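Architecture at a glance
Listed below, chain by chain, are the residues.
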Amino acid sequence: MRLVREVVSARGEGGVWVESLREALQIAEETSPQLALIDLDHLGEEAFELIRRLKSRNQGIRVALTSSRSSLGDELRAVRVGAESFIPLPQKIDKLKSFLGKASPVEANPYSLEGKGFEGIIGESPKLRKVLELARKVSQSSARTILIRGETGTGKGLLCRAIHQSSPRAKGPLIEVNCTAIPETLLEAELFGHEKGAYTDAKERKLGLLQLADKGTIFLDEIGNMSLNTQVKLLNAIEERKFKRLGGTEDIKVDIRVVAATNRDLETAVKEKGFREDLYYRLNVVSLLLPPLRERGKDVILLTHHFIEKYNREFNRRVRGLTPEAEGFLLSYDWPGNVRELKNFIERAVLLGEGDFIGPGNMPDAGCSLEKGDREDDLHALVISLPEMEKRLIQRALRLTKGNKSKAARLLDISRPRLLRKIEKYSLGAEYL
Ligand SMILES: Nc1ncnc2c1ncn2[C@@H]1O[C@H](COP(=O)(O)OP(=O)(O)OP(=O)(O)O)[C@@H](O)[C@H]1O
Ligand SMILES: [Mg+2]
């Protein structure tokens, strides 16, 4: 993938780089990319799953699978699930260039995000607007570090992408690194790169992500979990605008903006010596705090309608809105998982609901009254228990697809074997065969 990144950055194109299937799907959902390069060495089996899911989401997306090994079997599989090309690297570097070169002129930046910048962030509440205003200003500024804080699911990832897209760096890459997802020892090599022979496994020189993010933005997600050692090196790199690869002597100059995000209380982490004070001060120069959803008032309703539309489109449903009880409930609920929780809730409600409006009465046998019990219980009553929910979703998917298990699995976003196991678990199926 390194090589791919080098080729892409040499072409002066942006793009969003992610490390996992989950992140790739999230980005695809939010940004509708036109081109995807997927590395088989990195993702293994999941690479095929990813291609399949990207294609089922958007027929028009062009996908190439890269690998360091040339294998006819892999190539055939890739093409079968919808990839346009299989590119063994470094042998077929020209094929890669021509794949990238075929992007049509209107798509000069093949990764350009739909709804550039801030348009995709829904909300009118003064608290959110204030943060977005500030974010827009700093995105245009020369600030080299930006810290985004907020509880889980408040939209930190979304905001980072908006900042990159509306900044003068939008033509450069946006590289997303999840500091918890990568083991500590690897993270350093990933960020700074290494020379050949820097350590036992370092068989070749490798460019660090900081270098590959040159002229663009690097998003360090969950920075609160970065080791102290890596923190020192990162701070130096930010301040000096240069760094050395592991085992290297040459200074590598970079022009990057670091956007860091965390849901950790950094002040406490600093006090407990889990986070370096100097890095904290550096990052805290420009700090954006995303308010929790429960403090955004009517935004809950705006977001609900936004997600209803989204899932109506996706599941081909025609849900028109909320019942007044459901609306009152959503407004008074605490939303510990914030926008992500609301989004997931609406997704399930749109898929499950039988009538025109989402409300307790529209959920078959949800059998709950919103007045009793504490609020958290209410949500669960509204949503019903997870296994029961799962069972119903599967029934519904089977019904919608007239018992076609492959289609149902796709609709449910799980593999076919997994669906078959669940059908057995819940003793479903006979009536749909
Ligand atoms: N204001 C918003 N408008 C529309 N969608 C939003 C908004 N805020 C968040 N979302 C959506 O909610 C989901 C969660 O957002 P995101 O992943 O950016 O949160 P996060 O703060 O990075 O969470 P975590 O701390 O768990 O990583 C995403 O699918 C995102 O697109
Ligand atoms: Mg996030």
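Residue numbers here run from 1 along each chain, matching the order of that chain's written sequence. Here the convention is simple: chains get letters from A, ligands get numbers from 1, in the order in which they are written. A pLDDT threshold of at least 70 governs which residues receive local features in this predicted model, and a stricter bar of 80 or more applies before side-chain atom pairs are shown or counted, although totals over entire chains, interfaces and linings include all residues. Calculation of side-chain values draws on the structure's entire complement of heavy atoms; hydrogens and water are dropped beforehand.

Turning our attention to helix α19 (residues 405–412). Taken together, the buried positions of α19 are K405, A408, A409 and L412. Summarising the axial view, the buried residues of α19 lie within an arc of 100 degrees, below the 170-degree limit, and thus occupy one face. A 3.5 Å cut-off defines polar contacts: any pair of N or O atoms within that distance qualifies, except that in protein one atom must be a possible hydrogen donor and the other a possible acceptor, and neighbouring residues in sequence count only when both atoms are side-chain atoms. Segments assigned H or I by DSSP are reported as helices when at least four residues long, segments assigned E as strands when at least two residues long, and all are numbered from the N terminus. The opening residue of α19 is N404, an N-cap whose side-chain oxygen sits 3.1 Å from the backbone nitrogen of S406. Backbone geometry just after α19 places D413 at a positive phi near 65 degrees. Summary of the burial criterion: residues with accessible area below 20% of their type's maximum are buried, those above 50% are exposed, and those between are partly exposed, where the area comes from a 1.4 Å probe applied to protein chains only. Starting at the helix axis, one direction is taken to each C-beta atom, and the arc is that of these directions.

Attention shifts here to the site of ligand 1. Proximity criterion: a residue is near a molecule or strand once any of its heavy atoms comes within 4 Å of it. Close to ligand 1 lie 19 residues, the nearest being E30, T152, G153, K156 and K343. Between T152 and ligand 1, the recorded distance is 2.6 Å, taken from a side-chain N or O atom to an oxygen atom. Backbone polar atom of G157 to an oxygen atom of ligand 1: 3.1 Å apart, as the coordinates give it. In short, Shrake-Rupley with a 1.4 Å probe defines the accessible areas, and a residue's cover is counted only from the protein chains shown. Calculation on ligand 1 without its partners gives an accessible area of 640 Å², and the protein chains cover 92% of this total. Of all elements in the fold, only α2 (21–31), α8 (156–165), α14 (299–315) and α16 (338–352) reach the threshold of two or more residues within the shell around ligand 1. Think of it as three bins: nonpolar holds Ala, Val, Leu, Ile, Met, Phe, Trp, Tyr, Cys and Pro, charged holds Asp, Glu, Lys and Arg, and polar takes everything else, Gly as well. Its residues placed into classes, the shell around ligand 1 shows six nonpolar, eight polar and five charged. Each of two domains, domain 2 (126–289) and domain 3 (295–425), supplies a minimum of three residues to the shell around ligand 1. Domain delimitation follows an automatic or database domain assignment.

A word on the sheet that holds strand β3 (residues 62–67). DSSP calls a pair of strands paired once it identifies at least 2 bridges connecting them. One open sheet holds the three strands; their spatial order is β2-β3-β4, and the pairing between them is parallel. With one partner strand each, in any of the chains shown, β2 (35–39) and β4 (85–88) form the two edges of the open sheet. Mean inter-strand twist for the sheet, computed between neighbouring axes without regard to direction, equals 25 degrees. Across four bridges, β3 lies against β4 in parallel orientation. Residue pairing across strands places T66 opposite I87, the latter belonging to β4. Note on geometry: axes are C-alpha line fits, over the in-contact stretch for helices, and angles between N-to-C directions span 0 to 180 degrees.

With respect to the secondary-structure elements, G155 resides in the loop between β5 (145–149) and α8. When the C-alpha atoms of G155 and R340 are compared, they prove to be 8.1 Å apart, with 185 residues separating the residues in sequence.

Relative to the helices and strands, D299 resides in helix α14. Neither His nor the chain termini are counted; the positive set is Lys and Arg, and the negative set is Asp and Glu. Just to be clear on terms, a salt bridge is a Lys or Arg side-chain nitrogen sitting within 4 Å of an Asp or Glu carboxyl oxygen. R296 is the oppositely charged side chain nearest to the buried, salt-bridge-free D299, at an N-O distance of 5.1 Å. Contact criterion: two residues are considered in contact whenever any of their non-hydrogen atoms come within 4.5 Å of each other. If sequence neighbours within four positions are ignored, D299 has contacts with G123, E124, S125 and L128.

Moving on, we get to the sheet that holds β5. Taking strand neighbours across the sheet as the criterion, the six strands line up as β1-β6-β9-β12-β5-β13 in an open arrangement whose pairing is parallel. Pairing within the sheet leaves two strands with one partner each, and these edge strands are β1 (16–17) and β13 (287–289). Relative to strand β6 (residues 174–178), β1 is paired through two bridges, and the arrangement is parallel. Considered in β6, the bridge of W17 is made with I175. The strands that helix α7 (residues 126–140) touches are β5, β12 (257–262) and β13; relative to β13, the one it contacts most, it runs at about 155 degrees.

At a closest axis distance of 10 Å, the pairing of α2 and helix α4 (residues 46–57) adopts a crossing angle of 15 degrees. Of the possible angle classes, the one that applies to α2 and α4 is roughly parallel. In the crossing of α2 with α4, the sense of the turn from one axis to the other is right-handed. Contacts between α2 and α4 pair L21, A24, L25, A28 and E29 from the former with E46, E49, L50, R53, L54 and R57 from the latter. When its residues are assigned to classes, the contact of α2 with α4 shows six nonpolar, no polar and five charged. Small angles under 35 degrees read as roughly parallel and large ones over 145 as roughly antiparallel, with 65 to 115 read as roughly perpendicular and the rest as oblique. Left-handed describes a crossing whose near helix is turned anticlockwise from the far helix by less than a right angle; the clockwise case is right-handed.

Core analysis: the biggest nonpolar cluster contains 46 residues, and V177, L191, I218, L220 and F275 have the highest contact counts within it. Residue-level mapping places this core at the junction of two domains, with at least three residues from each of domain 1 (2–13 + 26–107) and domain 2 (126–289). Beyond its immediate chain neighbours, meaning those up to four positions away, L191 contacts V177, G208, L209, L210, I218, L220, M226 and T230. Membership of the second largest hydrophobic core comes to 37 residues, among which are L293, I301, I308 and L393. Put simply, buried Ala, Val, Leu, Ile, Met, Phe, Trp, Tyr and Cys residues joined by side-chain atoms within 4.5 Å make one nonpolar core.

Enumeration over the complete set of coordinates arrives at 25 salt bridges. The shortest N-O distance in the salt bridge between E176 and R161 comes to 2.8 Å. With E176 in strand β6 and R161 in helix α8, this pair connects stretches of sequence that are 15 residues apart. Close ionic contact of E190 with K206 constitutes a salt bridge, the shortest N to O distance being 3.1 Å. Of this pair, E190 sits in helix α9 (residues 184–192) while K206 sits in strand β8 (residues 206–207), placing them 16 residues apart in sequence. Overall, E190 belongs to the buried group, its relative accessible area being 11%. When salt bridges that share partners are traced, they join E49, R52, R53 and D413 into one network.

Residues of helix α15 (residues 324–332) that are buried: A326, F329 and L330. For α15, the angular spread of buried residues about the axis comes to 95 degrees, placing them on one side.

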